[in-house]
Amino acid sequence: MNNSPVKIWRNQPKIRSLLGKVGRIISYTTVRVPPAGFEDQAPYAVIMVNLDDDTCYTGQLVDYEKNHLHIGQKVQAILRRVKTPGKEGIIPYGVKFKPI
Amino acid sequence: MNINVLGVGTTKFGELWDVSPRTLIREAYENALTESGLDPNTLDGIFVGNMLSGILGNQENMGAFVSESIGLTGKAAVKVEGACASGGLAVHQGVLSILSGQYQAVLVVGIEKMTDHKPEEVAGALMGAGSDEERSAGLTFPGLYSLMARVHMQQYKTTEEDMAAVSVKNHYHASFNSKAQFRKEISIEDVLKSPCISDPLKLLDCSPISDGASAIILSRSGLTRKSHDTSVSIIASSASSDSLGLCGRSSLTSLSATKTAAGLAYQQAKLQPKDIDIAEVHDCFSIAEIMALEDLGFYEKGRAGSAIGSGDVTLGSSKKLVVNTSGGLKACGHPVGATGVKQVVEVVEQLRGTVGKRQLKNARIGLTHNVGGSGAVAAVHILENNQ
């Protein structure tokens, strides 16, 4: 699947609004067989987070130790590259989480 | 509701590299047509269950593709897409077209060709069924169901052994099905030792990537099969939907789309879960069959895992309900657009009493349950042997 530059641009405000938000892990997994565009990151942890404003968001957990990967762990939304850039040359950035 | 199933057909499911989609469609259709005894020109419409023809095969316009492939142009022909529930939703649309009074008889075909493509391309294409947020997280379908499994394990003490038992049972059933992709029996230990795909789900918890096609011919009541004693009817057909992504769900241990569709179907058929003799449910992952048996009302929440492990829904069980005699998605295979149609084929053949070694004795009422995405859509059908 391609990374439409227009779509990436249109999603910027949503990403900005999420950065810095804090919440707790409600479920987690480690993806060991990745889809196209994520091969260079696997294996990686993906978590569902209940944010403090009671909304839910799904993203990768990064900069973590094994003991952080559990339900209830406190995390914060940060900006990271999400997948391998396509032939358009634009680096797709998005929201990931780090433990706090 | 009483919609006759006049004919059914399915190809073998599996890695069919030497067979084209057109050949698969023709084989399933010709079998269903021969059984129905109908003149093909009496068919009013064609409903095609398919998900990935465009993104993987560069082929859209599947209605015309199917009508051309079977040499039956000049008919209304349309593709129905709802991810892995495309087949079940195509059956639902076929039923509705007859109930509308516009059509007398229709063909429903489910078709998917997946193994021509690289696994990461297929995994990426299937994620078209999820949300943008889930795609950006690098999630896969094993990943999404792992997120649900993790919470089910925590809330209901469901174990990896409970989940493994689903695969063991479905491989056992598939060992009797000549159309199944995997006819090899496996053990709990085989499942637990298989490579981890997305914790806690392992390779043998996951349905495979498959090719295959299935077809059924439906008609209004009144038209019946000439050369057969047993006739089977669809007596309930329902569908429901939910949020695309897991974050929008009210629960992570239950699929609301399944519960809603099942409730409607039981209401239409004036039946209860305890009346069902045989069910083909959506076991795309082992945890999905556990959740399905709970959401369809067969077991209380948290009880299905241990019941499956005890052999309660295995062929030969002393209990009433048997689940996934075809081998399910896990062992019969999961060509996504074909699956929902194949489930109806299996239940019809079981109710007719024609499946040989995997025949369930005295089956009268059957149910099919087909899910799209991680629970974003669901279709449920109930069928009855008219004798």
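Bear in mind the structure is a predicted one, so any value in this text is a computation, not a measurement.

Position of I290 of chain B relative to the elements: it lies in helix 11 (residues 286-295). Note: C-alpha distance between I290 of chain B and G124 of chain B (166 residues apart in sequence) is 26 Å.

Before going further, it helps to examine the pattern of salt bridges. Two side chains of opposite charge can pair, provided their charged atoms sit close to one another. Tallied over the full model, the rule gives 24 salt bridges over all chains. For E189 of chain B, the salt bridge goes to K193 of chain B, with nearest N and O atoms at 3.2 Å. One end of the pair, E189 of chain B, and the other, K193 of chain B, are both in helix 9 (residues 188-193), 4 residues apart, so they sit about a helical turn from each other. Assessed through its relative accessible area of 66%, K193 of chain B is described here as exposed. Each of K7 of chain A together with D132 and R135 of chain B takes part in one network of salt bridges that share partners.

For the rest of this paragraph, the subject is the packing of helix 7 (residues 141-156) of chain B against helix 11 of chain B. To characterise two packed helices, one gives the angle between the axes of the helices and the distance between these axes. Residue and element names in this part refer to chain B. One can describe the packing of helix 7 onto helix 11 by two numbers: an axis separation of 10 Å at closest approach and a directional angle of 60 degrees. Considering their axes alone, helix 7 and helix 11 lie oblique with respect to each other. Considering only the axes of helix 7 and helix 11, their crossing is left-handed. Here helix 7 contributes Y145, M148, A149 and H152 to the contact with helix 11, which in turn contributes I287, A288, I290, M291 and E294. The residue makeup of the contact of helix 7 with helix 11, split by class, is 7 nonpolar, 1 polar and 1 charged.

Another point: the state of the cysteines. Inspection of the entire model under this criterion finds 1 disulfide over all chains. With its sulfur 2.0 Å from that of its partner, C56 of chain A forms a disulfide with C247 of chain B. Its S-S torsion of about -60 degrees marks the bond between C56 of chain A and C247 of chain B as left-handed, since a negative value means left-handed. One end of the pair, C56 of chain A, is in strand 3 (residues 56-61); the other, C247 of chain B, is in the loop between strand 8 (232-241) and helix 10 (256-269), on a second chain. Judged by relative accessible area, C247 of chain B falls into the partly exposed class, the value being 21%.

According to UniProt, the "domain: Thiolase N-terminal" (unreviewed entry) feature falls on residues 10-220 of chain B. With 44% helix and 17% strand, residues 10-220 of chain B has its two end C-alpha atoms placed 22 Å apart.

On to unusual backbone geometry, then. Across the junction of A42 of chain A and P43 of chain A, the peptide omega takes the value -5 degrees, indicating a cis bond. Mapped onto the elements, P43 of chain A comes out in the loop between strand 1 (22-31) and strand 2 (44-51). Look at D54 of chain A: it is not a glycine, yet its phi comes out positive at around 65 degrees. Looking at the secondary structure, you find D54 of chain A in the loop between strand 2 and strand 3. At K270 of chain B, a position not held by glycine, the phi torsion is positive, near 55 degrees. The exposed category is assigned to K270 of chain B, whose relative accessible area is 74%.

Let us now look at helix 4 (residues 86-99) of chain B. Residue and element names in this part refer to chain B. Taking 1.5 Å per residue as the helical rise, helix 4 with its 14 residues ought to reach 20 Å, and the 20 Å between its terminal C-alpha atoms agrees with that figure. Here helix 4 lies mainly inside the structure; 11 of its 14 residues are buried. Inspection of helix 4 places S86, G87, G88, L89, A90, V91, H92, G94, V95, S97 and I98 among the buried residues, and these make up the whole buried set. A positive phi of about 90 degrees marks G101, the residue just after helix 4.

Below, the discussion takes up the UniProt feature "domain: ChsH2 C-terminal OB-fold" (unreviewed entry) in chain A. Summarizing the sequence annotation, UniProt attributes the feature "domain: ChsH2 C-terminal OB-fold" (unreviewed entry) to residues 19-77 of chain A in the numbering used throughout. Secondary structure across residues 19-77 of chain A divides into 0% helix and 47% strand, with the first and last C-alpha atoms of the span separated by 5 Å.

So, about the interface of chain A and chain B. On the side of chain B, 26 residues touch chain A, which itself brings 27 residues to the contact. Buried surface at the junction of chain A and chain B, both sides included, amounts to about 2200 Å², of which 63% is carbon and sulfur. Where chain A packs against chain B, one counts 2 salt bridges. Measuring nitrogen to oxygen at the nearest pair gives 3.7 Å for the salt bridge that ties D132 of chain B to K7 of chain A. Our count for the contact surface shared by chain A and chain B stands at 12 residue pairs in polar contact (both at pLDDT 80 or more). Listing elements by their share of the side of chain A that touches chain B, those giving two or more residues are helix 1 (5-18), strand 1, strand 2 and strand 3 of chain A. Per element, the largest residue contribution to the side of chain A that touches chain B is 6 residues, and it comes from strand 1 of chain A.

Let us now look at the domain arrangement of chain B. Residues and elements named next belong to chain B. Splitting chain B by domain gives domain 1 (3-118 + 209-219) and domain 2 (138-203 + 232-385). For domain 1 versus domain 2, the separation of C-alpha centres amounts to 22 Å. Opposite the 44 residues of domain 1 that make contact, domain 2 presents 34 residues. By the criterion of area lost to domain 2, the three top residues of domain 1 are V5, F13 and C84, representing 24% of everything that side buries. There are 1 salt bridge connecting domain 1 and domain 2. R352 is the salt-bridge partner of E35, the closest N and O atoms lying 2.8 Å from each other.

Looking now at the UniProt feature "domain: Thiolase C-terminal" (unreviewed entry) in chain B. As recorded in UniProt, the sites labelled "domain: Thiolase C-terminal" (unreviewed entry) are residues 242-385 of chain B. The annotated region residues 242-385 of chain B carries 36% helix and 15% strand content, and the separation between its end C-alpha atoms amounts to 32 Å.

Once that is clear, we can look at the nonpolar core. Core analysis: the biggest nonpolar cluster contains 70 residues, and Y145, I276, L296, F298, L367 and I382 of chain B have the highest contact counts within it. Top contributing element to this core by residue count: helix 7 of chain B, with 8 residues.

Residues and elements named next belong to chain A. Scanning the entire structure with this criterion turns up 4 aromatic pairs over all chains. Here F38 and Y44 contribute two aromatic rings whose centre-to-centre distance is 6.1 Å and whose plane-to-plane angle is 40 degrees, an arrangement assigned as tilted. The two residues F38 and Y44 agree in class, both being buried. Taking the centre distance of 6.4 Å and the plane angle of 55 degrees together, the rings of Y57 and F97 count as tilted. Linking Y57 in strand 3 with F97 in strand 5 (residues 93-99), this pair joins segments that are 40 residues apart in sequence.

Cut-off values and rules
Residues numbered from 1 in each chain as written. Chains lettered and ligands numbered in written order. Predicted model: local features only at pLDDT ≥ 70, side-chain atom pairs only at ≥ 80, totals over all residues. Heavy atoms only, no water. Helix = DSSP H or I, 4+ residues; strand = E, 2+ residues; numbered from the N terminus. Salt bridge = Lys/Arg side-chain N within 4 Å of Asp/Glu carboxyl O. Buried < 20%, exposed > 50% of the residue type's maximum accessible area, 1.4 Å probe, protein only. Axes fitted to C-alpha atoms, helices over the stretch in contact; angles between N-to-C directions. Parallel < 35°, antiparallel > 145°, perpendicular 65-115°, else oblique. Left-handed = near helix turned anticlockwise from the far one by under 90°. Contact = heavy atoms within 4.5 Å. Nonpolar A, V, L, I, M, F, W, Y, C, P; charged D, E, K, R; others polar. Disulfide = S-S within 2.5 Å. UniProt positions renumbered as here; feature names shortened; annotations may be inferred. Expected span 1.5 Å × (residues − 1). Buried area = accessible area lost by both parts, 1.4 Å probe. Polar contact = N/O pair within 3.5 Å; in protein donor to acceptor, adjacent residues only side chain to side chain. Domains from an automatic or database assignment. Core = buried A, V, L, I, M, F, W, Y, C linked by side-chain atoms within 4.5 Å. Phe/Tyr/Trp six-rings, centres within 6.5 Å; stacked < 30°, edge-to-face > 60°.

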